[in-house]
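This is what each chain is made of:
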Amino acid sequence: MTTLGLIGLGRIGAFHADTLTNLPEVSGLVITDERPDIVSEVAAKYGATPAESVDKLLSSGIDGVIVAAATPAHAELTLAAVERGLPTFCEKPIASTASESARLAGVIGGSGVPVQVGYQRRFDAAFAAVKQAVDSGSLGALTTVRSTTMDPAPPPMDYIKGSGGIFRDCAVHDFDVIRWVTGQEAVEVYATGSVQGDPLFAEYGDVDTAAIVVRFDGGALGVVSAGRYNGRGYDCRLEVHGFQDSAVAGWDQGVPVLNADPAHDFPTGQPHHFFMDRFTDAFRAELAAFVKVVQGGPIQGATVADAVEVAWIAEAATESLRRGVPVAIESVRKETQQ
């Protein structure tokens, strides 16, 4: 059996606490957060063991760590766990910037400690089936991959202020999945966006609506749509088109769209409300896979190397939005590392 430590009890951290306490392979959970009242509340709810600090948690005899704190703390907390030799699961992104992610990857690579990064869409049954179809060759040469992420409402603006922007904290899921499903590397990015909701987005140098085109080295084009306001619900879809066939994920009965065709009633289900209800099973599968990593198995999800490549795409998108021109991935690597 496995005892895990969970750092951070915000929106995703509290959700992970619920998931972890219901995994049969997890025998114990130690939790900490900078807010003692939240630690006490979550500990009482799930029967977890509270820790007064990160250092106390890391010294408590746990077998592995889940980092679910705010984005700016990811790198420091992941390094602290790795330095203790503890297998670590870090929510995306692993660091606030691509250059910091690359630096962190170098340290982790030299440590030999396994680190899995939280990109749960890889564990969704439909997304995984699309990946299998691509890998089988049944779609033929890929032409276009489209990924959509539309939140029903933005997270708190305090979160937005420190998130790094829509490309680093939201569209990174799309960047990861289009890179993963195509098996190709991004070479150029063009991004544009606008602010149509809370003016604080503009004050923080961010946008609430974005469109991104990614050119891959194998010839495929990625088209990503990301938005913070989608009143009908949480919309997350993937389409992959090839010369021989096409495959989609996310077109289930809960897809939050209004079908304007009077001859068809699809979709008929309750629209997905949020990413946590849309991907409940995927999150569970992802954390169950991490438990196997803690027990000595290979990483089945996103690696630190994957997270670094995604971070470079997000960096290029951020630069493209700022400059209004396509940006080559190699150029941001060189500019950032100078």
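Residues numbered from 1 in each chain as written. Predicted model: local features only at pLDDT ≥ 70, side-chain atom pairs only at ≥ 80, totals over all residues. Heavy atoms only, no water.

- The protein is annotated in an unreviewed UniProt entry as Dehydrogenase of Mycolicibacterium iranicum.
- If you open the UniProt record of the protein and go to Sequence similarities (unreviewed entry), you find "Belongs to the Gfo/Idh/MocA family." (UniProt positions renumbered as here; feature names shortened; annotations may be inferred.)

### Observations concerning the pattern of salt bridges
Opposite charge on two side chains permits pairing when their charged atoms draw close.
Part 1: According to the stated counting rule, one finds 19 salt bridges in the structure shown.
Part 2: Taking the shortest distance from any N to any O, the salt bridge between Arg168 and Glu315 comes out at 3.3 Å. Of the two residues, Arg168 is situated in helix H8 (residues 166-169) and Glu315 in helix H13 (residues 304-323); the sequence distance between them amounts to 147 residues.
Part 3: Taking the shortest distance from any N to any O, the salt bridge between Asp306 and Arg179 comes out at 3.0 Å. Taken together, the residues span a long stretch of sequence, with Asp306 in helix H13 and Arg179 in helix H9 (residues 172-182) at a distance of 127 residues.
Part 4: When its relative accessible area of 14% is taken as the criterion, Asp306 is described as buried.
Part 5: Classification of Arg179 as buried rests on a relative accessible area of 11%.
Part 6: What you see here is one network of salt bridges that share partners, running through Arg122, Asp176, Arg179, Glu185 and Asp306. (Salt bridge = Lys/Arg side-chain N within 4 Å of Asp/Glu carboxyl O. Helix = DSSP H or I, 4+ residues; strand = E, 2+ residues; numbered from the N terminus. Buried < 20%, exposed > 50% of the residue type's maximum accessible area, 1.4 Å probe, protein only.)

### Thoughts on helix H2 (residues 36-46)
At 3.6 residues per turn, the α-helix brings residues three or four places apart onto the same side.
Part 1: Regarding H2, the residues found buried are Ile38, Val39, Val42 and Ala43. Each buried residue of H2 sits inside an arc of 130 degrees when the element is viewed along its axis, so together they form one side. For H2, the exposed residues set more than 90 degrees away from the buried face come down to Pro36, Asp37, Glu41, Ala44 and Lys45.
Part 2: Among the structural elements, helix H1 (11-21), strand E2 (26-32) and strand E3 (49-50) are those in contact with the buried residues of H2.
Part 3: Positive phi appears at Gly47, one or two residues downstream of H2, with a value of about 70 degrees. (Arc of directions from axis to C-beta. Contact = heavy atoms within 4.5 Å.)

### Notes on the UniProt feature "domain: GFO/IDH/MocA-like oxidoreductase" (unreviewed entry) in the protein
Part 1: With numbering matched to this structure, UniProt assigns "domain: GFO/IDH/MocA-like oxidoreductase" (unreviewed entry) to residues 127-244.
Part 2: The distance from the first to the last C-alpha atom of residues 127-244 is 19 Å, and the span holds 31% helix and 35% strand.

### Details of empty space enclosed by the protein
Part 1: One pass over the full model with this rule turns up three cavities of 30 Å³ or more.
Part 2: Computed from the structure, the largest cavity encloses a volume of approximately 60 Å³.
Part 3: No other element matches H13, which puts three residues into the lining of the largest cavity.
Part 4: Split into classes, the residues belonging to the lining of the largest cavity amount to six nonpolar, two polar and two charged.
Part 5: For the lining of the largest cavity, the domains that each give at least three residues are domain 1 (2-119 + 282-303) and domain 2 (122-274 + 309-333). (1 Å grid on protein atoms, 1.4 Å probe; cavity = no way out; pocket = protein on both sides within 12 Å on 5 of 7 lines; lining within 4 Å. Points joined across faces, edges and corners; volume = space filled by probe spheres on them. Nonpolar A, V, L, I, M, F, W, Y, C, P; charged D, E, K, R; others polar. Domains from an automatic or database assignment.)

### A short note on the UniProt feature "domain: Gfo/Idh/MocA-like oxidoreductase N-terminal" (unreviewed entry) in the protein
Part 1: The feature "domain: Gfo/Idh/MocA-like oxidoreductase N-terminal" (unreviewed entry), as given by UniProt, occupies residues 4-119 in the numbering adopted here.
Part 2: In residues 4-119, helix accounts for 44% and strand for 22%; the two terminal C-alpha atoms are 19 Å from one another.

### Things to note about the side chain of Thr32
Part 1: Structurally, the position occupied by Thr32 is in strand E2.
Part 2: There is a polar contact of 3.0 Å between the side chain of Thr32 and the backbone oxygen of Ala51.
Part 3: Here Thr32 is in contact with Leu6, Ile7, Gly8, Leu9, Val39, Ala51, Glu52, Ser53, Val54 and Leu57, once residues within four sequence places are set aside. (Polar contact = N/O pair within 3.5 Å; in protein donor to acceptor, adjacent residues only side chain to side chain.)

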